[in-house]
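Examining the three-dimensional arrangement
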Amino acid sequence: MNDHLSRPYPMTLRPLHCETEDSYTRRLLKVNREFESHQKQLLRIAETETATLAWKDVLELKTGRNLRFGAALSTAELNGGEHRCELCPDAGTVRLMCTLCAKGEMVLQAPHFTSPVCIRHRRWVGLDLSTRQTTVDAATVRATLRFNRLRKAGRLTPHLFNVLQSATARIGNGDVADLAVIVDIAAVVTTGRFLEDFLRPGTDYAHAYGVLVDAVTGPAGRNVTKLVAALWGYLRPTLWALRHAVVTATPYELAWAHDYAVPQHLADAYVAAHQVIPFASYNAAGKGSSSLRISRGGLVICDHGHQHSSKGRCPVCTNSVVALGYNDLATTHPDVAKELDPVLNGATTAQTIQAAARLSLAWRCPRNRHVYWATASNRTQGGTNCGICSNRTIVPGINDLTTTHPRLAAELDPAYEAGHPATKMCAGSGDKPEWICPDCGHHYKMSLYNRSQGSGCEPCRRARLRSERTSLADTHPDIAAQWHPTRNNGKQPEDYSPGSNDTVYWLCATGAAHWYPQRIDRKVQGYGCSVCSRRRLVLRVNDLATTDPLLVTEWHDHLNAPKRPEFMLAGTDRHWWKCAFGHVKQQSVPNRRKSRGCTECEPEDRILN
């Protein structure tokens, strides 16, 4: 090996706590009276010797030490986590070591989560290079000791510290006054007593918010509003993780390493008694704090309680992805999901598709165990059910006309059935095949539905009504007397029963020269003339211009446009009127009649007098 690399330095130094490689190199070169060009020369020689030698290896050869710098420590060693994010110490900023500990030297420390105060010298070190080192009082030292105890116990994490620091918003500028507040609040919200009350089984988010406010109010002082809002946003992913365990029936676990971890026994008790309530109520309890939508390592929780890593709209809310327990078919439509065939659909299950899925799947009818095919969207949005039971799909031997109504199938016209087999018909269809009456031989057309409901040959029906004397003419002769003699195509009251829903024409019983259509059963129930009762408008019979010709002379054409008296009934709507004296008034027709005209005119001057 080259002698320049193997020859040790006359003076060697020990790396200080979490010191960076650059800081150590600068101090080592300075104590050996070397320049920056010396480092570059050694690196060129190392590259010539072997490409695997890094500057750390060169330093170990020159100092004879097994060097370990702060920047080379893993994330797990610095923070206890296995990932890398903006909160991990090796992703933060360097800071200056206490100058008294460094004996006046400028020693840069690699990012690491520790207290901003040097206990040995009672000196404020700060969190970054911009902080001015100053002496602190005894209260700050006590807060620092408590800070270290909470950090070592895992109760004060980088994420919680950053949340509280941002809420107080003064420590980063060198103000040490809020360190005690941060430590006090961190100690309160990480105690077992607080967690037991905060996560009391069976309670809602409003209860948890009230517990948080009560716990923070004392130590927070004037910053209580900001600190409560910040902590409520900080605890949101934890409560989401607990709710997620309930929704998906999976064990509780954190989605992000820096989220607030709940002891397992408290999490199990909360999950066991928790009711799935809308996650939007969490925002309502937090008074809409902006801290609720903080991004955690790229993860975001939407207002409806869906966690995603998308920068745009929530993919679960927009049904772009299937999330088990949230928008899968088994969760949103459990009754429909039970009918999904477990064999014929292969790997597709109710947990892997959404209610709006358009994939054709096999379903099994719960009533008759029929197998039919339909999309999930048709089942959930279109209300589609078993096509065999609803007679949309005809299966010979199950729901065809020959199987369900063999007597009706025997009455089909043979010539018609030759081209339309009864095995391809169902009793509920609206098709009108041709029939032959077995009693009188009459040929007629009628829908399959009406035939299955009891209707049949019309001449036989009329003959039966006459023979049994149950027709309208027999049971209600007074109503039959109002039958219109010419407008019913030759049909008579003797041809209908009192319960028929056919619509026929009647003569007005008041003697007025008009007629009207009405269903037979409604006429029997007491319905009168639709023209006289103003349920139907007939021009020049019951329109406003005909019933109140004198009153409509005061009709205001301009303000009532496009309404015209000759095309409307005298209802209770209010209209505009203008009398001969120029008074403009808005009244209904009944009130105008009652007042005999314009209410602003003298009674003797009104138009109806």
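The text that follows walks through the structure, step by step, so that each part is easy to find. Not measured: the values here are computed from a predicted model.

Another point: the overall build of the protein chain. When you go through the protein chain residue by residue, the secondary structure sums to 27 helices and 15 strands. Here the C-alpha radius of gyration of the protein chain, 45 Å, is well above what a compact globule of 609 residues would show, namely 25 Å. Its C-alpha atoms put the protein chain at 130 × 85 × 50 Å along the principal axes. Residue pairs in contact within the protein chain that sit at least 24 positions apart in sequence constitute 45% of those at least 6 positions apart. Of the roughly 32500 Å² that the protein chain leaves accessible, carbon and sulfur atoms contribute 51%. Each charge class in the protein chain can be summarised by its mean position, and for the 73 positive and 57 negative side chains these summaries are 5 Å apart.

Another point: helix H8 (residues 179–189). Burial within H8 is extensive, with eight of its 11 residues counted as buried. When we look at burial in H8, the residues that qualify are Leu179, Val181, Ile182, Val183, Ile185, Ala186, Ala187 and Val189.

You can see Arg236 is positioned in helix H11 (residues 224–248). Buried and unpaired, Arg236 has no salt bridge, with Asp303 as the nearest side chain of opposite charge at 4.1 Å. A distance of 3.1 Å separates a polar side-chain atom of Arg236 from the backbone oxygen of Cys302.

Okay, a nonpolar patch on the surface next. Residues Val343, Leu344, Val371 and Trp373 make up a contiguous nonpolar surface patch of about 410 Å² in total accessible area. Looking at the element boundaries, Trp373 is found in strand E9 (residues 371–375). Relative accessible area serves as the criterion here: at 52%, Trp373 is assigned to the exposed category.

A few words now on the environment of Pro485. Of note, Pro485 is situated in the loop between helix H23 (477–480) and strand E12 (503–507). Between the alpha carbons of Pro485 and Trp506 there is a distance of 8.5 Å; along the sequence they are 21 residues apart.

Between Ala561 and the following residue, Pro562, the backbone shows a cis peptide bond with an omega angle of 5°. With respect to the secondary-structure elements, Pro562 resides in the loop between helix H26 (557–560) and strand E14 (574–578). Positive phi, close to 55°, is recorded for Arg469, a residue that is not glycine. Along the chain, Arg469 falls in the loop between helix H21 (458–468) and helix H22 (472–475). Although it is not a glycine, Arg534 adopts a positive phi angle of roughly 60°.

On to the sheet that holds strand E5 (residues 134–135), then. Read across the sheet, three strands follow the order E3-E4-E5 without closing on themselves; strand pairing throughout is antiparallel. Of all strands in the sheet, those bounded by a partner on one side alone are strand E3 (117–118) and E5. The pairing of strand E4 (residues 123–124) with E5 spans two bridges and is classified as antiparallel. When the bridges of E5 are listed, Trp124 appears paired with Thr134.

Right, let's talk about the nonpolar core for a bit. One finds Ile185, Phe198, Leu212, Val216, Leu231 and Trp232 to be the most contacted residues of the largest nonpolar core, which totals 62 residues. Among the secondary structure elements, those contributing two or more residues to this core are helix H6 (138–152), helix H7 (158–168), H8, helix H9 (192–198), helix H10 (205–220), H11, helix H12 (264–273) and helix H13 (280–285). Element by element, the count of residues in this core is highest for H11, at 13 residues. Residues contacting Ile185, with those up to four places away along its chain left out, are Leu164, Val216, Pro219, Ala220, Leu227 and Leu231. Core analysis: the next-biggest nonpolar cluster, separate from the first, contains 16 residues, Leu329, Ala350, Ala355 and Ala376 among them.

So, how was this worked out
- Residues numbered from 1 in each chain as written.
- Predicted model: local features only at pLDDT ≥ 70, side-chain atom pairs only at ≥ 80, totals over all residues.
- Heavy atoms only, no water.
- Helix = DSSP H or I, 4+ residues; strand = E, 2+ residues; numbered from the N terminus.
- Rg over C-alpha atoms; globule rule 2.2 N^0.38 Å.
- Contact = heavy atoms within 4.5 Å.
- Areas by Shrake-Rupley, 256 points an atom, 1.4 Å probe, with all protein chains shown as cover.
- Lys, Arg positive; Asp, Glu negative; His and termini not counted.
- Charge placed at Lys NZ, Arg CZ, Asp CG, Glu CD.
- Buried < 20%, exposed > 50% of the residue type's maximum accessible area, 1.4 Å probe, protein only.
- Salt bridge = Lys/Arg side-chain N within 4 Å of Asp/Glu carboxyl O.
- Polar contact = N/O pair within 3.5 Å; in protein donor to acceptor, adjacent residues only side chain to side chain.
- Patch = residues over 30% accessible without salt bridge, like charges linked within 9 Å, V, L, I, M, F, W, Y side chains within 5 Å.
- Pairing = 2+ DSSP bridges.
- Core = buried A, V, L, I, M, F, W, Y, C linked by side-chain atoms within 4.5 Å.

Nothing here speaks to function; it is geometry throughout.
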